[in-house]
Amino acid sequence: MHDLSRRLPASAFRYQNGSLHCEGVALDAIADSLGTPFYCYSAGRLRERYRAFAAALAPLGVGIHFAMKANGNQAVLKLFASEGAGTDIVSGGELARSLAAGIPGDRIIFSGVGKTAAEIDAALASGVHQLNVESFEELRLVDAIAARRGVVASVALRINPDVDAETHAKITTGKKDNKFGIDVALLDRLDNEVKALQNVRILGVAAHIGSQIMKATPLIAAYRRLGEIADDLKRRGLPIERIDLGGGFGIPYRGEAELTPASLATAIAQTVAGRGYHLAVEPGRTLVADAGVLVAGVTYVKDAGHMRFLVLDAAMNDLVRPAMYDAHHDIVPVNEPAADADLTEYDVVGPICESSDTFDKHIRLPEMRAGERVVLATAGAYGATMSSTYNARALAPEVLVDGNRFAVIRRRIDIAEQIGWDQVPEWM
Ligand code: LLP
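Overview of the structure. Treat the numbers as computed from the prediction; the structure is a model and nothing was measured.

**Structural notes on the overall build of the chain**
Point 1. For the chain, the count of helices and strands is 12 helices and 21 strands.
Point 2. The C-alpha atoms of the chain give 23 Å as radius of gyration, which agrees with the globular expectation for 428 residues (22 Å, within 12%).
Point 3. Along the three orthogonal principal directions, the C-alpha set of the chain runs to about 70 × 65 × 40 Å.
Point 4. Going through the 428 residues of the chain one by one, you find that 54% of them count as buried.
Point 5. A separation of at least 24 residues holds for 70% of the contacts in the chain among residues at least 6 apart in sequence.
Point 6. A total of about 17800 Å² of accessible surface is found on the chain, and carbon and sulfur atoms cover 51% of it.

As structure tokens, this is what we get:
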């Protein structure tokens, strides 16, 4: 028996009557009505993941702020909001999306190294729970804007703990030479700074050392460091009462050992829990990744003589992670292969005019035919949110399945609509 669907959580994606379903809905049925490619998310799986984290972390009093950069669709945000989540945002756009989904300001944490004055002002206007400030320059700007508004901003200092997250270099954020956070060595400057700042209340510390972290060890090191810094700043007279542990919890794209909610809870319990601080985490990927797939059609099975290419109608503009981070997404046929089907080696590519438009190489799949469909697994995080219109391609639609029903939660943004975005100068 081929184990092709091993990275698809069985609670959400299963073969039924020979074809892959999301919960009770056949992916073929959605594809027939909508065309391919499209993203498909399982509402049941989203709830299951959120509840697993909430159950592990609630006893430690840890608040969950979904890092919506992983998946910012309004329907997904509403689903998490109704479970009690807040959000972690990184732009004025994400602020607007959170508010529009009914997540109030007091459940929003605003992170990011380059918040503009306009973004800080909008955040203060909506009464955000916390601004995670990443430099003294930003701290002064927040103070000035808060003064103009006549408010006191709730601020956490994002610390750069100089801990190696042991992940891909492009998503490492907690090393000294990354642009993120305030170097621990600079914290002495606070004593002078703080006296001059009347409109910020520094009530917390925060860190986020990277993404797709598979081991508890670097997290434990960062949390321990944060706890020490919080204690130290408190001793120096700052009203520190919160510790924001960031996100970064990895998921098994290739079947690696998972960083479970329980092991995360243990890491928190061993380091910062029970010391009188309000705790928060900012998980993105881990809540949404395996609840989503990208469904694509096979346009050609190209016989190149010495090898075969599966040319899909999905491309790097739809899912950029393989091209950008050498990421792996399992490729699974929608038609259930026979248990004894022979496997053929393929390189799986999209139609875009560059060689980086490759989803995977040398993978073994049953004999595929043009017109068949495949899914790219574990695509619920950083898939749709990182998609683009490169090569004048449509933005793929997003679909949410809940039990036996499905709904389009973002329609296809087709080329006619995109042409309408452009404006030709009058004088042309
Ligand atoms: N908090 C902060 C401050 C962050 O910068 C991030 C992610 C998160 C939370 C959520 O991290 P997560 O739990 O999802 O790992 N586009 C890349 C991932 C970039 C992550 C950036 N920051 C990818 O597709 O792998």
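Here the narrative resumes, following the displayed structure.
**Comments concerning the environment of Thr378**
Point 1. As for its placement among the helices and strands, Thr378 is situated in the loop between strand E19 (373-376) and strand E20 (398-402).
Point 2. On the accessibility criterion, Thr378 (2% relative accessible area) is buried.

**Describing helix H3 (residues 74-83)**
Point 1. Along H3, the positions that sit buried rather than exposed are Val76, Leu77, Leu79, Phe80 and Ala81.
Point 2. Measuring from the side-chain oxygen of the N-cap residue of H3 to the backbone nitrogen of Ala75 gives 2.8 Å; that N-cap residue is Asn73.
Point 3. In the segment just after H3, Gly84 is the residue with positive phi, at about 105 degrees.

**What about the state of the cysteines?**
Point 1. One pass over the full model with this rule turns up 0 disulfides.
Point 2. A disulfide-free cysteine, Cys22 has its sulfur positioned 3.9 Å from the sulfur of Cys40, the nearest such atom.
Point 3. Relative accessible area serves as the criterion here: at 0%, Cys22 is assigned to the buried category.
Point 4. We classify Cys40 as buried; its relative accessible area is 0%.

**Some points on the side chain of Gln418**
Point 1. Mapped onto the elements, Gln418 comes out in helix H12 (residues 415-419).
Point 2. For Gln418, the side chain forms a polar contact with the main-chain oxygen of Arg393, separated by 3.0 Å.
Point 3. If near-sequence neighbours (up to four positions away) are discounted, Gln418 is found in contact with Thr389, Arg393, Ala394, Leu395 and Ile413.

**Things to note about the nonpolar core**
Point 1. One finds Phe80, Val155, Tyr223 and Ile268 to be the most contacted residues of the largest nonpolar core, which totals 103 residues.
Point 2. The biggest single contributor to this core is helix H8 (residues 216-235), with 8 residues.
Point 3. Residues lining this core come from more than one domain, with at least three contributed by each of domain 1 (13-42 + 289-421) and domain 2 (111-283).
Point 4. Every residue in contact with Phe80, bar those within four places of it in the chain, is listed here: Leu46, Tyr50, Phe66, Ala85, Leu287 and Val288.
Point 5. In this structure, Tyr15, Leu27, Ile30 and Val332 belong to the second largest nonpolar core, which totals 20 residues.

About the thresholds
Residues numbered from 1 in each chain as written. Predicted model: local features only at pLDDT ≥ 70, side-chain atom pairs only at ≥ 80, totals over all residues. Heavy atoms only, no water. Helix = DSSP H or I, 4+ residues; strand = E, 2+ residues; numbered from the N terminus. Rg over C-alpha atoms; globule rule 2.2 N^0.38 Å. Buried < 20%, exposed > 50% of the residue type's maximum accessible area, 1.4 Å probe, protein only. Contact = heavy atoms within 4.5 Å. Areas by Shrake-Rupley, 256 points an atom, 1.4 Å probe, with all protein chains shown as cover. Polar contact = N/O pair within 3.5 Å; in protein donor to acceptor, adjacent residues only side chain to side chain. Disulfide = S-S within 2.5 Å. Core = buried A, V, L, I, M, F, W, Y, C linked by side-chain atoms within 4.5 Å. Domains from an automatic or database assignment.

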